[in-house]
Amino acid sequence: MSLNVIWYVLFVIVIAGYLIMDGFDLGVGILHLFVAKTDEERRISLNSIGPVWDGNEVWLVLGGGALFAAFPLVYASLFSGFYIAMMLVLVVLIMRTVAIEFRSKEQNPRWRSLWDTVFFLSSLGIALLLGVAFGNIMAGIPLDENQNISASLLSLLSPFALLVGVTTIFMLALHGAIYLTMKTEGNLQARVRKWIPRLMIIFFVFNTLVVISTVLQHQTITERYLAEIWPIIFPALALVALIVAAYMLRQGRDFVAFLASGAMIALLLFSAAAGLYPNLLISSIDPAYNLTIFNAASESNTLTVMLVIALIGLPFVLLYTAGVYYIFRGKVKLTPQSY
Amino acid sequence: MNPELLSRFQFALTASFHFIFPPISMGLGLLLVIIGIIYVRTGNPKWRQISFFWVKVYGLVFAMGIATGIVQEFEFGMNWAQYSRFVGNIFGALLAAEGIFAFFLEGGFLGLMLFGGNRLGPRMWLLSTFMVVFGAHFSALWILMANSWMQTPAGYTIQPGATGPQAVMTSFAEVVLTPSFFPRLLHVWVASWMVGASLMLSVSAWYLLKNRYVDLSRSAFKVALPVFVILSITQAVFFGANQAIEVTNYQPVKLAAMEGVWESQSCAPMYLVGWVNEAEMTTTGISIPCLLSFLAYQNINATVTGLEAFPADVWAPVNLTFQVYHLMINLGGLFVLISLLGALFFFWKRRIFETRWLLWIFVFSIGLTELATLSGWWTAEFGRQPWIVWELLLTADAISPILTGSQVAFSVGTFVVLYSILFILFIYLLNEKIQHGPEELSAVEEKPVSSLPDSFREIFGKPRA
């Protein structure tokens, strides 16, 4: 395997890490207005992600850094071409951080419900924007011979991209709901449990629509699947993971269900990544302008150094991530230090 | 509207706003580690009470740092796409390394630091705090490394790429250890510790003036004061001076702009205050003869190269660079003065806690240290102009080619509004915390300290009760 392929795989893994880890705390943000009714329940929801959301968001920062380092030409084209969309991502990221941090600093109910709404809207916004961006990447974008993307915000909001956006919202809401069942008890947990089957069905329907319209409309991806049939294993396993999650929830084994839901998210991303390979950005103007993992990558010297850094760093990351989750395991208990 | 000018303004705004917070994360963090060590060694509960109070402040500051920090990582691609294409091989690698080494360390342990006070024993809590603070310093290290490469690039070669030249890494060691890296890193770390110390001094002095939490405030003040005194003096005579020598050696035209030196001259004077007339090419003000030659070359007869020795199109904005630089060094001098007064009243007459005018000076010191740190960063960045990467890439050539003025005007407007609101909320909440003051320990402890897990063995070994 060449360095470029290794870095493509690593980059996809980092993005999968982001979607799984930050995915559940975005999901909690999307759901908490609907399932948590009292101030105490809201606080429990918020504190279920309290000690970990910040570490989870680092996966996104790392994804940006890895893209910049490994595929700088993609990073430059994507971020400048999606200027206004990226600006909106920044706004919702900032608002979300602030909402989590500021919400419980005042007793006033209006202050708290204001920040609860901001927390909801920003979590929803991040999920939607990520999905829309991803939908555009799958569908292809107007990338010209100078590697510039000339797309207005409105042109990014195609029906397909919006469909992927809505699917992402439900995927993360489902993931967050399963997480919340692990961390809560009593009425709150009962309400979350009632939401899960609905979310699962809606997500399944939307995801099926995404698959169908991808097959019908987006030939680059379909051709890849037809040429090399083995990547079909990713969507197939994703379906298995969803079924496992549903089954385990009925058995009351929430933690296994949560792992299955995380696996499903990763497998769906791998399905799309296998379909895109070796392209990172597909030009809708001329396939000759596509940015691939070969023509958009850094030189082998940088990729080698980065690989060494990743191999040293990632074990530590996994070690202390596991440690933190272990220390904060179990149901949420509010203390004077909580949000 | 000109997208380049707006993008410059936007980056200056967002980077400056962000740079309010990381120095506190490092400096206040260092003091929290010191206080944690004192508590573990003495067991006196007042230190634990001080820790609980400052950890809450730390959480607020850290959240602001996180919220405003990710912006820069996006902006390199959004506004400076040509720059990103040019430096991706090198600068991108350093940013990614920061993410994987430093941010995960901070992100992983921050939860334990903020919420672990009554779930962990004192030693484990101290370890978590240390890890977060270590991560913050490590993060600064990678950023300084990346920025130092932009100031004094090394270990690269230029290759043609599809959209223009690209800098490609030839030696990772040279990229990491550029000549300006160590002097700049030490200068920034010391400055950050001074900011942290002055924050603790400021709040403690205010409590003392208001006669609240007198015992706790005296204790915190006694920890922070020696730190501030030692650092402000060493910063002035060693770390800052060392930084100036580095600039002299590697960026002489930047030094000329910082001091407003037009003609090359031996026994060059150093201005205390002054004004640069760029049209007339003159600098007027109050100066000390020969001091610049001495500071730059340790020889009063040494020749300092003037701006006229360089083509005018590689001059930084001279008066702007001059002013922000002099703001920094004058504040640095003021900190030495405040330190000497503080040490005098503390050690010699032992009545600093009754000297109200001096306590008031300390109350305002946090604003001054923040301003000094910011103006230092401005000196480095304004002084590097017109280059974005020193002598390799002009800032004007680094802009994203497809940006329109209205797009950038929208984002600038959004940042101005968003950051104004954030800043007001931040000050409001910080003030609330300070007014509220440290909690009684009985209000924060749910279990006695002795029953909290205080080693990895207790945390990972015992089954959940």
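Colleague: Can you lay out the overall build of chain A for me, pointing to particular residues and giving the numbers?
Modeller: Looking only at helices and strands, chain A features 13 helices and 2 strands. On C-alpha atoms alone, chain A measures out to a radius of gyration of 20 Å, which is about the 20 Å that the 2.2 N^0.38 rule sets for 339 residues. Reported as C-alpha extents along the three principal axes, the dimensions of chain A are approximately 55 × 40 × 35 Å. Looking at chain A as a whole, 63% of its 339 residues are labelled buried.

Colleague: Describe the nonpolar core, listing the residues and the values that go with them.
Modeller: Counting residues in each nonpolar core, the largest one holds 269 residues, and the members touching the most others are Trp7 and Phe71 of chain A together with Trp54, Tyr83, Phe221 and Phe362 of chain B. Leave out the neighbours within four places in its chain, and phenylalanine 362 of chain B touches Ser198, Leu201, Ser202, Ala205, Phe221, Leu225, Phe228, Ile338, Gly342 and Ile352 of chain B. Grouped together as the second largest cluster of nonpolar side chains are 25 residues, Val261, Ala268, Val304 and Tyr325 of chain B included.

Colleague: Summarise the pattern of salt bridges; cite the residues concerned and give the values.
Modeller: For the coordinates displayed, the defined rule picks out 13 salt bridges over all chains. One salt bridge connects glutamate 41 of chain A with arginine 191 of chain A, and the closest N-O pair in it is separated by 2.8 Å. Taken as a pair, glutamate 41 of chain A in helix H2 (residues 39–49) and arginine 191 of chain A in helix H9 (residues 186–217) lie far apart in primary sequence, 150 residues in all. For glutamate 354 of chain B, the salt bridge goes to arginine 218 of chain B, with nearest N and O atoms at 3.3 Å. Residue glutamate 354 of chain B is located in the loop between helix H11 (318–348) and helix H12 (356–384), and its partner arginine 218 of chain B is located in helix H8 (residues 214–250); the two are separated by 136 residues in the primary sequence. A relative accessible area of 30% places arginine 218 of chain B in the partly exposed class. Three or more residues joined by partner-sharing salt bridges are found here, namely Asp39, Arg42, Arg103, Arg112 and Asp116 of chain A.

Colleague: Go over the packing of helix H3 (residues 53–70) of chain A against helix H4 (residues 72–81) of chain A, please, and point to the residues and values.
Modeller: Residues and elements named next belong to chain A. At a minimum axis separation of 5 Å, H3 and H4 run at an interaxial angle of 120 degrees. Our classification of the angle between H3 and H4 gives oblique. Where H3 abuts H4, its residues Gly64, Leu67, Phe68, Ala69 and Ala70 lie against Pro72, Val74, Tyr75, Leu78 and Phe79. Of the residues in the contact of H3 with H4, the class split is 9 nonpolar, 1 polar and no charged.

Colleague: Which residues make up the state of the cysteines, and what values go with them?
Modeller: Any covalent bond linking the sulfur atoms of two cysteines counts as a disulfide. Residues and elements named next belong to chain B. Within the structure shown, the criterion is met by 1 disulfide over all chains. A sulfur-sulfur separation of 1.5 Å characterises the disulfide bridge that pairs cysteine 267 with cysteine 290. Note that cysteine 267 is positioned in the loop between strand E3 (265–266) and strand E4 (270–277) and cysteine 290 in the loop between strand E5 (282–288) and helix H10 (291–297), a separation of 23 residues in sequence. Classification of cysteine 267 by relative accessible area gives partly exposed; the value is 27%.

Colleague: Please provide a residue-by-residue account of the interface of chain A and chain B, values included.
Modeller: Facing the 71 residues of chain A at the interface are 80 residues of chain B. Of the roughly 6900 Å² buried between chain A and chain B, counting both surfaces, carbon and sulfur atoms make up 73%. Summed over the three residues of chain A that lose the most area to chain B, namely Phe68, Tyr83 and Gln337 of chain A, the buried surface amounts to 12% of that side. At the junction of chain A and chain B, the tally comes to 0 salt bridges. On inspection of chain A and its partner chain B, the count reaches 15 residue pairs in polar contact (both at pLDDT 80 or more). Where the side of chain A that touches chain B is concerned, the elements lending two or more residues are H3, H4, helix H5 (83–102), helix H6 (109–139) and helix H13 (300–327) of chain A. Among the elements that make up the side of chain A that touches chain B, the one with the highest residue count is H13 of chain A (15 residues).

Colleague: Pulling in residues and values, what's your account of helix H2 (residues 22–42) of chain B?
Modeller: Helix length check: H2 of chain B (21 residues) gives 30 Å between terminal C-alpha atoms against 30 Å at 1.5 Å per residue, within 8%. Of the residues trailing H2 of chain B, glycine 43 of chain B is marked for its positive phi of about 75 degrees.

Colleague: So what's going on with the side chain of asparagine 279 of chain A? Residues and values would help.
Modeller: Residue and element names in this part refer to chain A. Mapped onto the elements of the fold, asparagine 279 is located in strand E1 (residues 279–281). Assessed through its relative accessible area of 9%, asparagine 279 is described here as buried. Engagement of the side chain of asparagine 279 in a polar contact is seen with the side chain of asparagine 290, the distance being 3.3 Å. Apart from the residues lying within four places of it in its own chain, the contact partners of asparagine 279 are Tyr8, Thr220, Asn290, Leu291 and Thr292.

Colleague: I'd like a description of the side chain of asparagine 47 of chain A, backed by residues and values.
Modeller: For asparagine 47 of chain A, the position within the fold is in helix H2. Among the residues examined, asparagine 47 of chain A registers a relative accessible area of 10% and is labelled buried.

Colleague: Outline a nonpolar patch on the surface, listing residues and values.
Modeller: A cluster of nonpolar side chains, contributed by Leu88, Leu128, Leu153, Leu154, Leu157 and Leu162 of chain A together with Phe410 of chain B, occupies part of the molecular surface with about 570 Å² of accessible area. Mapped onto the elements of the fold, leucine 128 of chain A is located in helix H6. Overall, leucine 128 of chain A belongs to the partly exposed group, its relative accessible area being 31%.

Colleague: Please provide a residue-by-residue account of unusual backbone geometry, values included.
Modeller: For the peptide bond that leads from tyrosine 277 of chain A to proline 278 of chain A, omega is -5 degrees, which places it in the cis range. Residue glutamine 385 of chain B is joined to proline 386 of chain B through a cis peptide bond whose omega torsion reads 5 degrees. Mapped onto the secondary structure, proline 386 of chain B falls in the loop between H12 and strand E7 (387–389). Residues other than glycine seldom take positive phi values, yet cysteine 267 of chain B does so here, at roughly 55 degrees.

Colleague: Residue-level account of the packing of aromatic side chains, with values.
Modeller: All names here are of chain B. What the rule picks out here adds up to 55 aromatic pairs over all chains. Here phenylalanine 17 and phenylalanine 423 contribute two aromatic rings whose centre-to-centre distance is 6.0 Å and whose plane-to-plane angle is 70 degrees, an arrangement assigned as edge-to-face. One end of the pair, phenylalanine 17, is in helix H1 (residues 3–18); the other, phenylalanine 423, is in helix H13 (residues 405–436), and 406 residues separate them in sequence. Phenylalanine 423 sits in the partly exposed class, given a relative accessible area of 36%. Taken together, a centroid distance of 6.0 Å and an interplanar angle of 20 degrees make the contact between phenylalanine 130 and phenylalanine 134 stacked. With phenylalanine 130 and phenylalanine 134 both in helix H5 (residues 122–151), this residue pair falls 4 residues apart, about one helical turn. Judged by relative accessible area, phenylalanine 130 falls into the partly exposed class, the value being 41%. The exposure class of phenylalanine 134 is partly exposed, given its relative accessible area of 39%.

Colleague: Report on the pairing of E5 of chain B, specifying residues and quantitative values.
Modeller: Residue and element names in this part refer to chain B. In terms of strand pairing, E4 meets E5 through 7 bridges, oriented antiparallel. Counterpart to tryptophan 275 in the pairing with E5 is threonine 284. Where E4 folds back onto E5 in an antiparallel hairpin, the turn is made up of 4 residues, including methionine 281, whose phi is positive at roughly 55 degrees.

Colleague: Please give an account of the confidence of the model for chain A that cites residues and values.
Modeller: When pLDDT is averaged along chain A, the result is 90, and 100% of the positions lie at 70 or above. When mean pLDDT is compared element by element in chain A, helix H8 (residues 159–183) of chain A scores highest at 94, while helix H10 (residues 219–227) of chain A scores lowest at 82.

Colleague: Go over helix H9 (residues 252–259) of chain B with me, naming the residues and quoting the values.
Modeller: All names here are of chain B. Within H9, 7 of the 8 residues are buried, which leaves it mostly tucked inside the rest of the structure. Regarding H9, the residues found buried are Val253, Lys254, Leu255, Ala256, Ala257, Met258 and Glu259. At the exit of H9 stands glycine 260, carrying a positive phi of roughly 65 degrees.

Analysis parameters
- Residues numbered from 1 in each chain as written.
- Chains lettered and ligands numbered in written order.
- Predicted model: local features only at pLDDT ≥ 70, side-chain atom pairs only at ≥ 80, totals over all residues.
- Heavy atoms only, no water.
- Helix = DSSP H or I, 4+ residues; strand = E, 2+ residues; numbered from the N terminus.
- Rg over C-alpha atoms; globule rule 2.2 N^0.38 Å.
- Buried < 20%, exposed > 50% of the residue type's maximum accessible area, 1.4 Å probe, protein only.
- Core = buried A, V, L, I, M, F, W, Y, C linked by side-chain atoms within 4.5 Å.
- Contact = heavy atoms within 4.5 Å.
- Salt bridge = Lys/Arg side-chain N within 4 Å of Asp/Glu carboxyl O.
- Axes fitted to C-alpha atoms, helices over the stretch in contact; angles between N-to-C directions.
- Parallel < 35°, antiparallel > 145°, perpendicular 65-115°, else oblique.
- Nonpolar A, V, L, I, M, F, W, Y, C, P; charged D, E, K, R; others polar.
- Disulfide = S-S within 2.5 Å.
- Buried area = accessible area lost by both parts, 1.4 Å probe.
- Polar contact = N/O pair within 3.5 Å; in protein donor to acceptor, adjacent residues only side chain to side chain.
- Expected span 1.5 Å × (residues − 1).
- Patch = residues over 30% accessible without salt bridge, like charges linked within 9 Å, V, L, I, M, F, W, Y side chains within 5 Å.
- Areas by Shrake-Rupley, 256 points an atom, 1.4 Å probe, with all protein chains shown as cover.
- Phe/Tyr/Trp six-rings, centres within 6.5 Å; stacked < 30°, edge-to-face > 60°.
- Pairing = 2+ DSSP bridges.
- pLDDT = per-residue confidence, 0-100.

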